[in-house]
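Chain residues, written in single-letter form:
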Amino acid sequence: MAVRIVTDSTSDLPVTMASEYGIEVVPLNVHFGDSVFKDGVDITTDQFFDRLINGDEFPSTSQPSMGEFVEAYERISEEGDEVVSVHLSSKLSGTYNSAEQASKHLEGKIKIHLVDTEQVTITVGFAAIAAAKVASKGGSAEDAVEAARSISDRSSFYALFDTLEFLAKGGRIGRAQSMLGSLLKIRPLLMLANGVVEPYSKARSRSAGMAELEKAVRSLGKAEEIAIMYSTESDEAHGIADTLGDMLPEGKHPLVSRVGPVIGTHAGPRLIAIGHVSNAPEES
């Protein structure tokens, strides 16, 4: 009997990391007109952003079907195994609902534990990794769920957008809608709060926005994990990663990774985002 870990492609886990920790990734879908691509499977990130920037069709996204989760759970599980399925905020996508329906469909056959992280992109990934680490050491599914929730509860996510156009078109803008009318050459800085997108700040230049992004993250204090996520500007991502390295334990460096096509659909080009996991409180 083993505990298997599943997440979805919005976790933006690098393929090597998902493989290293034995995490099964269920892809969401990206639509360009009548063409449907599995996130990270049928279309590369380079191909996606080239089409987003230079093409004449605006993409949309959709969650995996219940059947796709059923297939994934059945494929990775042997008799007696349990599954911990870790997903992005249910307030931003129907992905969690599809996983929940699959869990009900398999009731009595596979025991599935669902985790709604109320997070997005790499902070979902960090939660899945925490669960996988527990599972690899022989921990129970309940222990793996607790580890994932601990990371989720201690995670913060800030993102500097070049424009809110893509987020607005995708319908994921939430209360940040209030910023749209004043965004002539304004760089919006958004945050995730209680599973939804919220406005945090805005800057009049890219450099000022980057400074505000760093300030926001530094206000959170020392970190267990930090990841810099980008859509098209890798040099900026690596630059701020070098700057924030002092927030992590000695010898540890922030992860730098690229968002995939589904997140890219809503974020657009020139996104720079930071996921921060605060240190766990010391036990007395």
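These lines cover the structure that appears in this document, whether it is placed above or below. Keep in mind that this is a model prediction, so the values were computed, not measured.

1. Looking at the pairing of strand 9 (residues 187–193)
Most of strand 9 sits inside the fold, with 6 of its 7 residues counted as buried. Judged from the 3 bridges that link them, strand 8 (residues 155–160) and strand 9 form a sheet pairing that is antiparallel. Considered in strand 9, the bridge of L160 is made with L189. Between strand 9 and strand 10 (residues 196–203), which pair antiparallel in sequence order, lie 2 residues; one of them, N194, sits at a positive phi of approximately 55°.

2. Considering the sheet that holds strand 4 (residues 35–38)
The 3 strands lie next to each other as 4-3-5, forming an open sheet whose pairing is antiparallel. Edge positions in the sheet fall to strand 4 and strand 5 (60–62), since each of these pairs with one other strand and no more. With strand direction ignored, the average angle separating the axes of adjacent strands in the sheet is 30°. Note that strand 3 (residues 29–32) and strand 5 share 3 bridges and pair antiparallel. When the sheet's bridge partners are listed, H31 is paired in strand 5 with S60.

3. Digging into the packing of aromatic side chains
Throughout the structure, instances matching the rule amount to 5 aromatic pairs. Both rings, one in F32 and one in F37, keep their centres 6.4 Å apart while their planes meet at 70°; by these two values the pair is edge-to-face. With respect to class, F32 is no different from F37; both count as buried. Pairing F32 with F48 gives two aromatic rings, centres 5.9 Å apart and planes at 50°, and the pair type is tilted. Here F32, found in strand 3, pairs with F48, found in helix 2 (residues 45–54); they are 16 residues apart in sequence, far enough to count as distant. Each member of the pair, F32 as well as F48, is classed as buried. Here the aromatic residues F32, F37, F48 and F49 are joined through ring pairs into a cluster of three or more. It is R51 that lies over the ring of F32; its NZ or CZ is 4.5 Å from the centre.

4. Considerations on the layout of surface pockets
Considered as a void within the structure, the largest pocket measures approximately 500 Å³ in volume. Lining the largest pocket are 21 residues, with L13, P14, V15, D39 and G40 positioned closest to its centre. Tallying contributions element by element places helix 1 (residues 15–20) first for the lining of the largest pocket, with 3 residues. Class assignment of the residues belonging to the lining of the largest pocket gives a composition of 10 nonpolar, 8 polar and 3 charged. What the second largest pocket holds in volume is close to 390 Å³. As for the second largest pocket, its lining consists of 27 residues, of which L92, V120, L167, I263 and H266 are closest to the centre.

Analysis parameters
One numbering rule holds for all chains: residues counted from 1, following each sequence as written. With pLDDT at 70 or above as the cut-off, local features in this predicted model cover only qualifying residues; side-chain atom pairs require 80 or more to be listed or tallied, and sums for whole chains, interfaces and linings still use all residues. Values reported for side chains reflect all heavy atoms of the structure, with hydrogen atoms and water molecules removed beforehand. Think of it in three bands: with a 1.4 Å probe and only protein chains considered, a residue is buried below 20% of the maximum accessible area for its type, exposed above 50%, and partly exposed in between. Starting at the N terminus, helices and strands are each numbered in turn, a helix being any DSSP run of H or I of at least four residues and a strand any DSSP run of E of at least two. Paired strands, in this sense, are two strands between which DSSP finds at least two bridges. Convention adopted: a line fitted to C-alpha atoms gives each axis, helices being fitted over their contacting stretch, and angles between N-to-C directions are expressed from 0 to 180 degrees. Between 30 and 60 degrees the pair is tilted, below 30 it is stacked and above 60 it is edge-to-face, where a pair is any two Phe, Tyr or Trp rings, Trp via its six-membered ring, whose centres lie within 6.5 Å. For a lysine, the NZ atom is tested; for an arginine, the CZ atom; a charge sits over a ring if that atom is within 6 Å of the ring centre and within 35 degrees of the ring normal. A pocket here means an open set of points on a 1 Å grid, computed over the protein atoms alone, that has protein on both sides within 12 Å along at least five of seven lines. A cavity is instead a set of points where a 1.4 Å probe fits but cannot get out; residues with an atom within 4 Å of a point line either one. Grid points are joined across faces, edges and corners, and a volume is the space filled by probe spheres set on the points. Charged means Asp, Glu, Lys or Arg here, nonpolar means Ala, Val, Leu, Ile, Met, Phe, Trp, Tyr, Cys or Pro, and polar covers whatever is left, Gly included.

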